[in-house]
Amino acid sequence: MFDASRPTHAPADHPQIKMGRVGILLANLGTPDDYSYWPMRRYLNEFLSDQRVIDYPKWKWQPILQGIILTKRPFSSGAAYKSIWNHDKGESPLMTISKDQTAKVAAAMQEQYGDRVLVDFCMRYGNPSTKSKVRQMVAEGCDRILFFPLYPQYAGATTATANDQFFRALMDETWQPAARTVPAYFDEPAYIDALAQSIERAYAAMEAEPDILVCSYHGMPERYLTQGDPYHCQCAKTTRLLKERLGWGDDRIVSTFQSRFGPEEWLKPYTVDHVAELARQGKKNIAVVAPAFSADCIETLEEINEEIRESFEEAGGESFTYIPCLNDEDAHIAALAKVIRDNLRGWLD
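Since the model is a prediction, treat every value here as computed from it, not as a measurement.

Engineer: Account for the overall build of the protein, with residues named and values stated.
Structural biologist: If you tally the helices and strands in the protein, you get eleven helices and eight strands. Computed over its C-alpha atoms, the radius of gyration of the protein comes to 22 Å, within 12% of the 20 Å expected for a compact globule of 349 residues. The principal-axis extents of the C-alpha atoms in the protein amount to approximately 80 × 50 × 45 Å. Looking at the protein residue by residue over its 349 residues, the buried ones come to 53%. Counted over contacts in the protein with a minimum sequence separation of 6, partners at least 24 positions apart contribute 76%. Side chains of the protein give 38 positive and 49 negative charges; the mean places of these two sets differ by 5 Å.

Put into structure tokens, the structure is as follows:
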């Protein structure tokens with residue numbers, strides 16, 4: 001353990017401080033504390049008020065959000081969360097998985113670096129907050145923090161806003177730690193291999209091989225792409241690298257985008273529409289994987305495995321298999337650990 005000590009040559013009345021550790025702070029999107037109305041409303045308000053997510057002018061967007069959306073959406077979103085909630089632990093699946101991921105990453109880091117590192121996780125929206133975890137790491141002697149948004153592909157509405165919140169947290173620290181942020185890791189071979197392994201295991205367990213694999217990525221307005229966001233390109237490369245690793249042809253895999261919100265045109269094809277079209281084209285047996293998500297959450301467990309499945313089956317589809325996110329699988333943890341080690345160079349050699 002790192003104990004507090006008085007700096008060398010400091011006077012006897014100098015306060016004791018902890019220092020010399022490296023914090024590794026994993027970050028994900030977030031989760032409501034509960035699926036009832038007021039926790040859902042607080043969570044949705046924080047999420048949908050983020051101008052990285054909805055970039056309309058506040059004078060135009062906030063009256064719509066506060067007066068219309070937040071009076072109704074907490075009920076529908078709460079019902080969706082209730083359908084996937086981890087009732088045994090009283091938390092969302094994303095929270096449960098984040099804890100499991102963090103424990104395994106911590107074990108991998110401590111095996112190599114011992115108590116020189118402190119591994120924890122935070123959420124961009126909701127709890128545990130980024131600010132609280134940065135404060136805790138500084139208090140525990142972390143004079144360097146590696147901040148790791150767990151989004152394989154970069155997007156302004158995910159990676160960038162997580163980094164924004166991290167930098168805001170640093171603004172409140174009297175003695176700021178040195179800081180690094182981990183870039184997107186969509187083309188990291190260990191990540192692609194972990195993804196491919198999960199698909200190979202799922203296919204091996206099926207009685208009949210799917211006609212096509214749908215890689216469903218979280219969507220974003222097309223306008224963001226034209227403004228310079230690299231997300232669409234990185235999603236396309238993820239699918240290409242996965243296809244090459246699996247040794248497949250173009251006819252066995254396709255990229256789509258889900259979770260459309262608002263009146264704008266979003267990245268296409270839309271998953272919910274495309275799976276229905278696949279069924280109408282005679283592809284009655286499909287599998288869906290979500291390479292943009294490091295952990296299963298509302299968008300995968302409810303949207304893909306319930307809403308998108310329903311769209312496929314109503315159009316005549318017969319067999320729909322959702323392949324879970326990598327979550328705390330050993331190959332995924334090994335990939336994350338490699339990315340972390342690469343980004344710790346010069347701090348811990």
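Engineer: Quick rundown of the environment of Ser259? Include the residues and the values.
Structural biologist: Among the secondary structure elements, Ser259 is positioned in the loop between strand S6 (253–258) and helix H9 (271–280). C-alpha separation for the pair Ser259 and Phe75, spaced 184 residues apart in sequence, amounts to 18 Å. Sequence-distant contacts of Ser259, defined by excluding residues within four places in its chain, comprise His218, Trp266, Glu299 and Glu303. At a separation of 3.4 Å, a polar atom in the side chain of Ser259 contacts the side chain of Gln258.

Engineer: Talk me through the pairing of strand S4 (residues 178–181); I want residue IDs and the actual numbers.
Structural biologist: The pairing of strand S3 (residues 142–149) with S4 spans four bridges and is classified as parallel. Bridge pairing in S4 places Leu146 opposite Arg180. This β-α-β element, S3 to helix H5 (residues 156–171) to S4, shows right-handed connectivity.

Engineer: Outline unusual backbone geometry, listing residues and values.
Structural biologist: Residue Pro128 follows Asn127 across a cis peptide bond; omega there is -5°. Positionally, Pro128 belongs in the loop between strand S2 (117–126) and helix H4 (130–139). A cis geometry characterises the amide bond from Lys268 onward to Pro269, with omega recorded as 0°. Relative to the elements of secondary structure, Pro269 occurs in the loop between S6 and H9. The backbone phi angle of Ser259 is positive, close to 65°, even though this residue is not glycine.

Engineer: Tell me about the state of the cysteines, and please be specific about residues and values.
Structural biologist: Summed over all chains, the structure comprises zero disulfides. Between Cys122, a cysteine without a disulfide, and Cys142, which holds the nearest cysteine sulfur, the sulfur-to-sulfur distance is 13 Å.

About the thresholds
- Residues numbered from 1 in each chain as written.
- Predicted model: local features only at pLDDT ≥ 70, side-chain atom pairs only at ≥ 80, totals over all residues.
- Heavy atoms only, no water.
- Helix = DSSP H or I, 4+ residues; strand = E, 2+ residues; numbered from the N terminus.
- Rg over C-alpha atoms; globule rule 2.2 N^0.38 Å.
- Buried < 20%, exposed > 50% of the residue type's maximum accessible area, 1.4 Å probe, protein only.
- Contact = heavy atoms within 4.5 Å.
- Lys, Arg positive; Asp, Glu negative; His and termini not counted.
- Charge placed at Lys NZ, Arg CZ, Asp CG, Glu CD.
- Polar contact = N/O pair within 3.5 Å; in protein donor to acceptor, adjacent residues only side chain to side chain.
- Pairing = 2+ DSSP bridges.
- Right-handed = clockwise from strand over helix to strand, strands pointing away.
- Disulfide = S-S within 2.5 Å.

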